[in-house]
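Overview (structure and organization)
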Amino acid sequence: MDVEITIGVQHVARELVLEIDQTSEEIAAAVAKALDGGATLTLTDTRGRRVIVPAGTLGYVEIGGDETRKVGFHNI
């Protein structure tokens with residue numbers, strides 16, 4: 001199950017878009033913990049890349065729904 005998240009960082013025009021192998025609840029808990037502690041938000045995407053964002057610079061975090069990837073031509 002992959003969850004797509006979009007992170008907006010203050011004073012940065014480009015958004016960070018990641019696919020994470022965690023549930024929406026786990027991601028929301030990690031964001032809340034980073035914001036409460038004033039530390040950093042550290043996430044690792046499905047490709048193994050680690051993203052570290054200082055909590056004080058977070059503009060927003062958009063968390064997509066939990067869904068499994070669809071295979072095939074479902075939109076045709």
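Look up: the structure comes first, before these words.
Since we're looking at a predicted model, the values are computed, not measured.

**Side note on helix 1 (residues 24–37)**
Between the first and last C-alpha of helix 1 there are 20 Å, a value that for 14 residues agrees with the 20 Å anticipated at 1.5 Å per step. Buried residues in helix 1 make contact with strand 1 (3–9), strand 2 (16–20), strand 3 (40–44) and strand 5 (58–63). One or two residues past the end of helix 1 sits Gly 38, with phi positive at roughly 70°.

**Brief notes about the pattern of salt bridges**
Taken as a whole, this structure holds one salt bridge when the rule is applied. A salt bridge links Arg 49 to Asp 45; its shortest N-O distance comes to 2.8 Å.

**Examining the environment of Asp 21**
For Asp 21, the position within the fold is in the loop between strand 2 and helix 1. In contact with Asp 21, other than residues within four places in its own chain, are Met 1, Asp 2 and Thr 46.

Cut-offs applied
Residues numbered from 1 in each chain as written. Predicted model: local features only at pLDDT ≥ 70, side-chain atom pairs only at ≥ 80, totals over all residues. Heavy atoms only, no water. Helix = DSSP H or I, 4+ residues; strand = E, 2+ residues; numbered from the N terminus. Expected span 1.5 Å × (residues − 1). Contact = heavy atoms within 4.5 Å. Salt bridge = Lys/Arg side-chain N within 4 Å of Asp/Glu carboxyl O.

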